[in-house]
Structures are given as C-alpha cells and as structure tokens.
Amino acid sequence: MLIVVGTRKRPDGNLKAMFVLLDLWKKGIRDCFFDANLSEKQFERISQKIAKHYNLLEPTDPEGTDELEELVRLPKDTLVVESDTAVHLDAGVEIVAHEEASRGLAIDSQYGARAIHEIYIPKTGKWYVWLRVFFGRGDDSYWIGMDDAAPYPWDRDGGQGAIRICPEPDDATKWGRWLWHTGLESVVGRRSGTTPAFFQVKRPGYYNLWSKGREHGSRLDQILLTRDRNFDPEIETNGRLLPIRHSRQLYEPVSLQYCQKLIRYAVRIATAVETELPWEFKYALHDVWGDITQFPQTEGSLYKCPKCEADLPQQAVDLMIQHAQSDDIQFYILCRKCGGEFD
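Peer 1: Residue-level account of the overall build of the chain, with values.
Peer 2: Check the secondary structure of the chain and you find six helices and 16 strands. Burial statistics for the chain: of 343 residues in total, 46% are counted as buried. Considering only contacts within the chain whose residues lie at least 6 apart along the sequence, 71% involve residues at least 24 apart. Counting only carbon and sulfur atoms, one obtains 47% of the accessible surface of the chain, whose full area is about 18600 Å².

The structure is reproduced here in structure tokens:
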C-alpha cells in the first residue's frame, strides 16, 4: 500500500492537503483524508501522525535498551547521503570496504574523479554541509559541490560550486580515524572563522550533489546537509556514523503525473471490485489533483506482479477480484518470470 499526498497553496499561504491510502493489491482505495486549510506546521504534524498510524515511520529508537545512548536526533530539514549510492561514479572512484563505515562501504577518489548523487532539496536558503571522512597521514581533503547552488566558502581550485573539506594544514589529530568535518573559511585563505560551509539554495527541487577527489587515500562515508547552523555531527556522534533509519524524512517527492497515474489505477481497481470510494476522495479529488479523466492510465491486467509490475494471468486476477473485499484472505502472486520454480 502507498500513501499519496497532494497539496495546493491557498491565496493566504496556507495549504489544502489530501492524503489518499492506495491499496493496489486488493481494494484500490482504502482511505482518504482532506483538509482545506492547514498551516505548514499543521501539515507537518498531520503528515507525522498519518505516517505513524499506518506504520510508515522507521524506528526512532534502536532495538534493545543497551543501545539507547547511540541514538542521534537529527534536526528538522536534514539529509544524510550514503557515498556509495551515487548515481554515477567516474573511472577514478573506487568503492572500498571498511568495517567502521556505514554499511561497511565508503569511496576513495583519485584527484578530480567525481561521484554524483541526485538529491531533493525541499526548501531554499542555506544548507550546511558536513562529510564523514577518513584521513590518512597527509591525505586529508575532499571536494564537495552542488550544481546550481552557490558554495561558501568557494574553493576555485575545485571548480564551479566546490567546497574544500579538510582540517587546518598539518593538523595530525584528524588523521587515522573517522570524523565529521566541514569546510572552514580559513582553509581557503579567508579570515579565520567557525561557520560551517554551506550551499545557498535558490529553489526547491532536484540537484546533483557531487564529491570530487583531491587527495587519493582520503575516504568518504556519509554526506550530511542541514538547515541547522548549530548542528555539529562530530560533537553529537564523536565521529560515528549516522544511522539512516533515524532520519525524519517521511515521504519522498514524485511528479504530479506519477501520482495521478497511481490514483487513476487505484480507482480502476476499486471500480472492478466494487469498493465504495470515501466521500472526501470524491469531494476533493478535482480540487487537489485535477480532472481524473485526463490522468495517465495503467494498461494491462488489473493487478500486477509485486516484483516487476508485469501483467498477471487472468485466472490469478479473477481469483484476487473474488476475494478483494475479504480481510481474512491475502495474496502474493508473482508472474512466471519472477516466480521461477514457484510459478
């Protein structure tokens, strides 16, 4: 099941918000919640509440009381990026194993070689940047950059948008261990200061965030971006990694067209199995999402393979339709390709 969330901004700056619980495996539409006048803070609270109600929140506390001291509370508007999950790696970037790195993997980049991540920045303003890095003896610097965002302080040697992450020259206390570090003004020949490096973001949306090798042997594990100037992950963690499951990001952004396609597909299922649509869904659908007859359609069988989204045989679909309204019967039917020996 999926929760699809749509908002429209009112003339007074508040939001209209519609939450739809889609059941693409049985009933089509499970539930709907609509509010015509929410402040952004109220919307944030409701998003948390609905996610918690449907068990979408990842665990906020580690399992077992012995690990409670390991919990790190991330500020609101904080992103944590794993270095080894880049969408592109230049030829000079190598994924390396390290037992103290997140998931046991980090990257090591030759001079000028880049690893590129695609990220979504939800708000404009300053996004302060920290890197979890492992510096060898003298191999103690990395570049971090973001396309279409202004870096501060800008290290011109790294190219457009680059910030240099490294300790003060010859600071051997930062060698031979994992630590969180940011780019300070004094590193690039400016006045001394302690303000964390940041990217000035002028629009919400998708960005290419990249790391670039400056000294081979420096290893990069995680990248943290936050709007909280005072959050220092080195102090909070003493150099330890940040577990992604403690991030407060509840929903991921998708295109309007993709949401519209999901909704129309869910309505198609609901119609076929005679699910009564919630009145709030019928009341507010057009206002938030538009004319459903213009939404993109999903072709093929009514239900799809949960692994590859391929069509299922009509015999299987008929069986699922027959029992769609029964909460006592659950199905997990794969297509022949995914099912293999179990088909």
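Picking up after the structure, the text goes on.
Peer 1: Which residues make up helix 1 (residues 40-53), and what are the values?
Peer 2: Residues lying three or four places apart along an α-helix face the same way, a consequence of the helix completing one turn every 3.6 residues. The first and last C-alpha atoms of helix 1 sit 20 Å apart over 14 residues, in line with the 20 Å expected at 1.5 Å per residue. Along helix 1, the residues that are buried comprise Phe 43, Ile 46, Ser 47, Ile 50 and Ala 51. Seen along its axis, helix 1 keeps its buried residues to an arc of 130°; they face one direction. Among the exposed residues of helix 1, those pointing more than 90 degrees away from its buried face are Lys 41, Arg 45, Lys 49, Lys 52 and His 53. In this structure, the buried residues of helix 1 make contact with strand 1 (2-9), strand 2 (15-23) and strand 3 (28-38).

Peer 1: Provide a residue-level description of the pattern of salt bridges, including the pertinent values.
Peer 2: Evaluation of the coordinates by the stated rule reveals 13 salt bridges. When the shortest N-O distance is used, the salt bridge between Lys 123 and Asp 77 registers 3.2 Å. Of this pair, Lys 123 sits in the loop between strand 8 (114-121) and strand 9 (125-134) while Asp 77 sits in the loop between helix 1 and strand 4 (78-82), and the two are 46 residues apart along the sequence. What you see here is one network of salt bridges that share partners, running through Asp 77, Lys 123 and Arg 227.

Peer 1: Describe in detail the sheet that holds strand 5 (residues 88-89), supporting the description with residues and values.
Peer 2: The strands that make up a sheet are held in pairs by hydrogen bonds between backbone atoms, and each pair lies either parallel or antiparallel. Across the sheet, five strands lie side by side as 5-8-15-10-12; this open sheet has antiparallel pairing. With partners counted over all chains shown, the strands left at the sheet margins are strand 5 and strand 12 (162-165), one partner each. Both strand 8 and strand 15 (residues 205-213) contribute to a ladder of eight bridges, which runs antiparallel. When the bridges of strand 15 are listed, Ile 119 appears paired with Tyr 207.

Peer 1: Give me the lowdown on the packing of aromatic side chains, citing residues and values where you can.
Peer 2: Per the stated rule, a full pass over the model turns up 10 aromatic pairs. When the centroid spacing of 5.8 Å and the interplanar angle of 35° are considered together, the rings of Phe 19 and Phe 43 count as tilted. You can see Phe 19 sitting in strand 2 and its partner Phe 43 sitting in helix 1, a full 24 residues away along the chain. Across this residue pair, the class does not change: Phe 19 and Phe 43 are buried. Judged by centre distance (5.7 Å) and plane angle (65°), the rings of Tyr 111 and Trp 143 are edge-to-face. In this pair, Tyr 111 sits in the loop between strand 7 (105-109) and strand 8 while Trp 143 sits in strand 10 (residues 142-146), placing the two residues 32 residues apart along the sequence.

Peer 1: Please give an account of the packing of helix 3 (residues 256-273) against helix 4 (residues 279-289) that cites residues and values.
Peer 2: At a minimum axis separation of 12 Å, helix 3 and helix 4 run at an interaxial angle of 155°. Classified by the interaxial angle, the pair formed by helix 3 and helix 4 is roughly antiparallel. Here helix 3 and helix 4 pass one another in a crossing that is left-handed. On the side of helix 3, the interface is formed by Leu 256, Cys 259, Gln 260, Ile 263 and Val 267, while helix 4 contributes Phe 281, Leu 285 and Trp 289. Residue composition of the contact of helix 3 with helix 4, by class: seven nonpolar, one polar and no charged.

Peer 1: Please provide a residue-by-residue account of the nonpolar core, values included.
Peer 2: In a soluble, globular protein the nonpolar side chains are often hidden away together inside. In this structure, Val 129, Leu 131, Ile 144, Met 146, Phe 199, Leu 209 and Leu 225 are the most contacted members of the largest nonpolar core, which totals 30 residues. Looking at this core, the elements that each hand over two or more residues are strand 4, strand 8, strand 9, strand 10, strand 12, strand 14 (198-201), strand 15 and strand 16 (219-226). Broken down by element, this core gets its largest block of residues, four residues, from strand 9. If we ignore the near neighbours within four places in the chain, the residues touching Ile 144 are Val 129, Leu 131, Gly 161, Ala 162, Ile 163, Ile 165, Phe 199, Leu 209, Trp 210, Ser 211 and Ile 223. Counting 19 residues, the second-largest nonpolar core is a separate cluster that includes Leu 22, Leu 262, Leu 285 and Trp 289.

Peer 1: Could you give an account of the state of the cysteines, naming the residues involved and the relevant values?
Peer 2: One pass over the full model with this rule turns up zero disulfides. The cysteine Cys 305 is free of any disulfide, with Cys 335 supplying the nearest cysteine sulfur at 3.8 Å. Note on Cys 305: relative accessible area 1%, which makes it buried. The thiol sulfur of Cys 335 is not disulfide-bonded, and the nearest other cysteine sulfur, from Cys 308, lies at 3.6 Å. Its relative accessible area of 6% is what places Cys 335 among the buried residues.

Peer 1: I'd like to hear about the side chain of Ser 109, residue by residue, with values.
Peer 2: Along the polypeptide, Ser 109 turns up in strand 7. Judged by relative accessible area, which is 1%, Ser 109 ranks as buried. Among the polar contacts listed, one links the side chain of Ser 109 to the side chain of Tyr 142, at a separation of 2.9 Å. For Ser 109, the contacting residues outside a window of four places in its chain are Gly 92, Val 93, Tyr 142, Gly 213, Glu 215, His 216 and Ser 218.

Reading guide: rules and limits
- Residues numbered from 1 in each chain as written.
- Predicted model: local features only at pLDDT ≥ 70, side-chain atom pairs only at ≥ 80, totals over all residues.
- Heavy atoms only, no water.
- Helix = DSSP H or I, 4+ residues; strand = E, 2+ residues; numbered from the N terminus.
- Buried < 20%, exposed > 50% of the residue type's maximum accessible area, 1.4 Å probe, protein only.
- Contact = heavy atoms within 4.5 Å.
- Areas by Shrake-Rupley, 256 points an atom, 1.4 Å probe, with all protein chains shown as cover.
- Expected span 1.5 Å × (residues − 1).
- Arc of directions from axis to C-beta.
- Salt bridge = Lys/Arg side-chain N within 4 Å of Asp/Glu carboxyl O.
- Pairing = 2+ DSSP bridges.
- Phe/Tyr/Trp six-rings, centres within 6.5 Å; stacked < 30°, edge-to-face > 60°.
- Axes fitted to C-alpha atoms, helices over the stretch in contact; angles between N-to-C directions.
- Parallel < 35°, antiparallel > 145°, perpendicular 65-115°, else oblique.
- Left-handed = near helix turned anticlockwise from the far one by under 90°.
- Nonpolar A, V, L, I, M, F, W, Y, C, P; charged D, E, K, R; others polar.
- Core = buried A, V, L, I, M, F, W, Y, C linked by side-chain atoms within 4.5 Å.
- Disulfide = S-S within 2.5 Å.
- Polar contact = N/O pair within 3.5 Å; in protein donor to acceptor, adjacent residues only side chain to side chain.

These figures come from the coordinates and say nothing about function on their own.
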